[in-house]
Structures are given as C-alpha cells and as structure tokens.
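Each chain, letter by letter, is given below.
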Amino acid sequence: MPEPVTSVTFPPAFLWGAATSAYQIEGAVREDGRTPSIWDTFSHTPGRTADGETGDIAVDHYHRFREDVALMAELGLTAYRFSVSWSRVQPTGRGPAVQRGLDFYRRLVDELLAHGIRPALTLYHWDLPQELEDAGGWPQRDTAFRFAEYARLVGEALGDRVEQWITLNEPWCSAFLGYGSGVHAPGRTDPEASLRAAHHLNLAHGLGASALRSVMPARNEVAVSLNSSVVRPLSQDPADLAAARRIDDLANGIFHGPMLKGAYPASLLEATSSVTDWSYVLDGDTRTINAPLDALGLNYYTPTLVSAASGEVKGPRADGHGASEHSPWPGADDVVFHQTPGERTEMGWTIDPTGLYDLLLRYTREAPGLPLYVTENGAAYDDKPDPDGRVHDPERIAYLHGHLSAVRRAITDGADVRGYYLWSLLDNFEWAYGYGKRFGAVYVDYATLRRTPKSSARWYGQAARTGTLPAVEPAA
C-alpha cells in the first residue's frame with residue numbers, strides 16, 4: 001500500500017542542504033599545485049572503474065562553482081556540504097599549505113555566504129594524497145598525525161567563516177572497501193590492514209578534532225559522518241542474531257565505540273582475533289578518539305539483512321558494496337548477506353525509509369544530547385532529458401518524500417535532527433561506477449557540462465523554502 005499523503009512540517013531552524021565531494025565534482029586535477037590522490041591513481045589503473053572513467057574533469061566544479069552556488073540559491077537551499085581535496089591543499093600530505101589550493105575554498109565559502117548558504121566542510125572524503133599511500137597509507141599510524149596537521153592548516157584558513165566541520169566521511173568505506181575488498185582506492189585486499197586502517201582513521205578523527213579546536217572559534221561545530229548500517233537478522237534464530245551482532249560491530253561499533261564511548265566493543269575484538277591482535281591500539285588512543293563531538297552526521301541509503309551460513313557459502317556477497325572476491329568484513333566469512341525485499345534504485349539498493357528512522361532513534365539512545373544531521377541520503381536513477389530538455393524524476397521525489405517523512409517522524413519521537421543533506425547536488429563521478437549512476441538533483445550533460453535541475457530539485461527546493469514537504473502523487 002502506498003504511504004498516505006499528509007502534510008509534513010519541519011522545525012523553522014532545520015537545515016535543507018545538499019552534499020558533494022571534491023574528487024567527484026571538482027576536476028582540475030593538475031591545476032594550482034594539486035598532485036594525485038589515491039583516487040587519481042586508482043581510476044587511471046585499467047580495470048578499476050567502469051569504462052576506465054576518471055575524475056580528471058568530473059563536472060568541472062572547480063571552474064563552475066559560482067554557477068553551482070547560484071543554482072543552490074535559486075533552489076532555496078540553506079546549507080551545502082562539500083569536501084576539501086587534501087592533495088590540493090597539501091600536495092605531499094606534509095608541510096605548508098599551498099595557498100592557491102586554499103584560495104579555491106576561500107572563494108567557494110565566500111560565494112556561499114554571499115548567497116546566504118551555510119557551508120559545511122568535510123576534511124576527508126576518501127582522497128588520500130598518493131605520497132601518503134606510498135608511505136603505507138591508513139594502515140600506518142603516521143597517517144593519522146599527517147591528517148591532524150592538514151586539519152589544522154584548513155582550520156586556520158577557513159575557521160573564521162565555516163562553522164560546521166566534519167573530520168571524516170564514511171571511514172568504513174575508506175578502511176574496508178579501500179584495504180579489504182579493494183573495490184575503492186587504493187585497491188588493497190588485506191583484512192588485517194583494513195582493521196589497522198579503521199583504527200588509524202579513528203585516531204585521525206580524534207587528533208583532527210583537537211587540532212581544529214586549537215585554531216578555530218569556540219562557536220564552530222566539529223562532527224564526523226558515519227555510514228552506520230542498519231543491520232537486521234534474517235530471523236530470530238540465535239545464530240542469525242549472532243551474525244547480525246558481528247556485522248553491526250564491524251559496520252558501526254568499530255567507529256562509534258571509541259568515538260562515543262571511548263572503547264572498542266569487546267565482542268569486536270574477540271570476533272576479529274583470528275585476523276589481528278590489535279597491538280597497534282596504543283595506550284591513550286581511545287581517549288584521543290573519544291574527543292568531544294558537537295554533532296554526529298549519519299549517512300543512510302539502505303538496510304543490511306544477514307544470517308548465519310548454513311552449509312558452504314556460495315554465490316556473490318549481496319552486501320551492496322561492489323563485486324570482489326575479497327570481503328570487506330574481516331572475520332565474518334561465515335555471515336551471509338541477503339537482498340532485502342522491495343523496490344530498488346539503480347544501485348540495486350532497497351528503498352526502505354524505516355531504516356533511516358531506526359538509525360536516528362538508535363543514536364538518540366546511544367548518544368543522548370548529541371545533535372544529529374543526516375549528512376547523506378539519496379538515490380540513483382536512470383535519469384534522461386525529455387524532448388524538451390526537461391528531466392522528470394518522480395521516483396526520486398517519492399524516495400525523498402519517504403525518507404524526509406521518516407526524519408520528521410524521528411524528530412517527533414525525540415531525535416534532535418538539525419538538518420538533511422541530499423546526496424547529491426549534481427550528477428557526478430560515482431567512484432568505481434564511473435558516470436553510470438546518477439544521484440544528482442541536478443542533471444549534468446557530461447558532454448557539455450550543462451546543468452539542468454530535475455523535477456526532484458524543484459520539489460526539494462519548495463520543501464526548503466516552506467519547511468513543509470510538497471504533496472506527492474500516490475503510486476498507481
């Protein structure tokens with residue numbers, strides 16, 4: 001049955017935003033001193049991305065940012081979450097900042113503020129400078145200290161104008177897709193290295209948060225964005241419940257344990273003891289990681305459904321994280337991932353707003369008093385212009401209505417959700433999928449780079465201007 005159409009109104013101060021990341025939209029990969037990141041190297045390696053596509057040009061936001069900010073203002077957005085390219089600011093991952101690189105972000109922030117749009121800055125969205133990867137990457141402890149230095153440089157440059165800061169975006173993907181399954185840069189497939197990377201990303205967060213606070217006004221918010229999974233067991237059988245707990249530890253507890261509670265879950269350490277001895281967690285690390293947060297960002301797309309294996313596990317792993325012979329779930333080879341029932345997006349991900357509601361209520365319980373933001377949520381569809389050049393995407397409108405309704409229901413039930421960032425503002429380079437998956441509210445013709453707001457962008461803009469979700473035609 002379709003969801004009944006009712007008026008859904010949000011608090012007056014609620015932020016209506018959109019999100020992007022540097023490598024996916026900026027292009028200009030060799031301009032103004034920028035050097036390669038791991039994603040430049042990965043995308044230029046044959047066989048790593050769909051059709052060998054790269055972010056060399058992406059959607060040329062580096063040169064078209066004023067046009068893109070004007071679009072945001074026209075739509076009525078009140079916030080914009082973007083990421084900084086580390087190798088544009090600090091090309092080797094060490095030493096002083098390159099002012100030409102920082103100047104781009106200064107111009108972007110000034111343009112946003114001039115249009116009344118609140119900037120939300122993410123320091124790390126997966127694009128490690130290649131020189132740091134050559135020195136060992138995230139499995140090496142030193143990378144966390146290099147990140148803290150980088151955070152301080154950006155905080156000094158932009159802390160007077162940017163009030164919302166996010167240290168890391170989805171460290172799970174950086175650690176486990178980058179070093180475990182190898183479907184993301186740098187493409188390594190070492191289970192023990194993936195756990196080392198997770199710890200050092202956690203340490204980078206704690207060190208980076210402290211570095212930011214040492215150079216920025218006290219009014220600024222420091223947060224992190226986690227792609228926390230909503231892990232559901234296939235049944236209430238004790239073996240399936242245990243499997244769900246194991247995946248929950250690897251998806252969620254490995255980050256929110258030390259960040260929010262100052263300790264890794266004992267069940268995680270036990271379940272991964274055959275992979276690593278965790279000797280790289282040194283005295284004082286978890287205290288550093290447990291740096292106070294001003295807010296927590298949560299990214300949500302689809303729930304995860306698991307069971308214990310019954311007999312030999314066969315076939316592809318249906319966890320929604322790309323095809324690889326190597327698992328991103330160290331110590332969990334006997335857990336089976338299942339496709340959840342229901343309608344799907346072009347990514348093959350089930351549309352289920354109840355997962356977002358459950359996620360917001362979970363963190364309301366686990367981190368009481370901590371403000372929450374939905375820092376990513378959205379859907380890919382096979383969008384195409386009609387003969388008049390318009391792009392009508394009713395499926396995305398229905399998706400947004402369902403998920404924003406879930407956010408409002410969570411607020412009603414006690415969650416302190418301060419804002420929502422639609423993923424994504426623009427169609428862009430979708431990592432290993434190249435340009436084949438369109439998440440944008442704004443359609444980009446990749447041949448001409450012309451921007452065309454889709455009907456979902458107009459719908460979302462009306463919601464941003466009124467604070468009320470526009471009506472959606474019930475499904476036929």
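Only a predicted model underlies this, so the values are computations on that prediction, with no experimental measurement involved.

Calculation criteria
- One numbering rule holds for all chains: residues counted from 1, following each sequence as written.
- Totals for whole chains, interfaces and linings use all residues, but because this is a predicted model, local features are given only for residues with pLDDT of at least 70 and pairs of side-chain atoms are given and counted only at 80 or more.
- No hydrogens and no water enter the side-chain calculation; it runs on all heavy atoms of the structure.
- Secondary structure elements are defined from DSSP: runs of H or I of at least 4 residues count as helices, runs of E of at least 2 residues count as strands, and each element is numbered from the N terminus.
- Expected span of a helix: the number of residues minus one, times 1.5 Å.
- For every residue, the accessible area obtained with a 1.4 Å probe (protein chains only) is divided by the maximum for its type, and the residue is called buried under 20%, exposed over 50%, and partly exposed between those limits.
- Polar contact criterion, stated in full: a pair of N or O atoms within 3.5 Å, where within protein one must be able to donate a hydrogen and the other to accept it, and residues adjacent in sequence count only if both atoms are side-chain atoms.
- If DSSP finds at least two bridges between two strands, the strands pair.
- Simply put, an axis is a line fit to the C-alpha atoms, just over the touching stretch for a helix, and the angle between two N-to-C directions goes from 0 to 180 degrees.
- Buried Ala, Val, Leu, Ile, Met, Phe, Trp, Tyr and Cys residues form a nonpolar core when they are joined through side-chain atoms within 4.5 Å.
- In what follows, roughly perpendicular refers to angles from 65 to 115 degrees, roughly parallel to angles under 35, roughly antiparallel to angles over 145, and oblique to any angle outside these ranges.
- Take the far helix as the reference: if the near one is turned anticlockwise from it by less than a right angle, the crossing is left-handed, and if turned clockwise, right-handed.
- Any two residues having at least one pair of non-hydrogen atoms within 4.5 Å are treated as being in contact.
- Note on aromatic pairs: the rings of Phe, Tyr and Trp (six-membered ring only in Trp) are paired at centre separations within 6.5 Å, and the planes decide the class, stacked below 30 degrees, edge-to-face beyond 60, tilted for the rest.
- Definition used: whenever NZ (Lys) or CZ (Arg) falls within 6 Å of the ring centre and also within 35 degrees of the ring normal, the charge is taken to sit over that ring.
- UniProt positions are given in the numbering used here, feature names are shortened, and annotations may be inferred rather than shown by experiment.

Trainee: Residues and numbers for helix H9 (residues 191-215), please.
Mentor: Compared with the 36 Å implied by 1.5 Å per residue over 25 residues, the 36 Å span of H9 between its first and last C-alpha is a close match. The buried fraction of H9 amounts to 18 of the 25 residues, a majority that puts the element mostly inside the structure. Its side-chain oxygen placed 3.1 Å from the backbone nitrogen of Glu192, Asp190 serves as the N-cap of H9.

Trainee: Report on the sheet that holds strand S6 (residues 231-233), specifying residues and quantitative values.
Mentor: The strand order across the open sheet formed by three strands is S6-S8-S9, and the pairing between neighbours is mixed. The sheet is open, and its two edges are formed by S6 and strand S9 (335-338), each paired on a single side. The mean inter-strand angle of the sheet, taken between neighbouring strand axes irrespective of direction, is 40 degrees. As paired elements, S6 and strand S8 (residues 304-308) share three bridges and run parallel to each other. Paired with Pro233 across the two strands is Val306, which belongs to S8.

Trainee: Break down the nonpolar core for me, citing the residues and quoting the values.
Mentor: Within the largest apolar cluster, 156 residues are counted, with the highest numbers of intra-cluster contacts made by Trp138, Phe147, Leu360 and Val407. Take this core: its biggest share by element is 10 residues, from H9.

Trainee: Can you break down the packing of helix H3 (residues 61-75) against helix H5 (residues 99-114) residue by residue, with the values?
Mentor: Between H3 and H5, the shortest axis-to-axis distance is 10 Å and the interhelical angle comes to 15 degrees. As summarised for this structure, H3 and H5 are arranged roughly parallel, according to the angle between their axes. Of the two elements, H3 crosses H5, and the hand of that crossing is right-handed. Contacts from His61, Tyr62, Phe65, Arg66, Val69 and Met72 of H3 reach H5 at Arg100, Phe104, Arg107, Leu108, Glu111 and Leu112.

Trainee: Could you give an account of the packing of aromatic side chains, with specific residues and numbers?
Mentor: By the definition in use, this model includes 33 aromatic pairs. Aromatic side chains Tyr301 and Trp349 sit 5.4 Å apart centroid to centroid with 55 degrees between the ring planes, which places their arrangement in the tilted category. Of this pair, Tyr301 sits in the loop between strand S7 (296-299) and S8 while Trp349 is found in the loop between S9 and helix H13 (353-366), placing the two residues 48 residues apart along the sequence. Over the ring of Tyr357 we find Arg409; its NZ or CZ atom is 3.6 Å from the centre of that ring.

Trainee: How would you explain the environment of Gly17 if you had to name every residue and give the values?
Mentor: In this structure, Gly17 sits in strand S1 (residues 15-19). Overall, Gly17 belongs to the buried group, its relative accessible area being 0%. With residues near it in sequence (within four places) discarded, Gly17 still touches Leu77, Ala79, Tyr420, Tyr421, Leu422 and Tyr460.

Trainee: With reference to specific residues and values, describe the UniProt feature "active site" (unreviewed entry) in the chain.
Mentor: Listed under "active site" (unreviewed entry) in the UniProt record, and renumbered for this structure, are Glu376. Inspection of the secondary structure assignment puts Glu376 in strand S10 (residues 372-377). Those residues in contact with Glu376, other than ones at most four positions away along the chain, are Arg81, His125, Asn169, Glu170, Leu298, Asn299, Tyr300, Tyr301, Tyr421 and Trp423.

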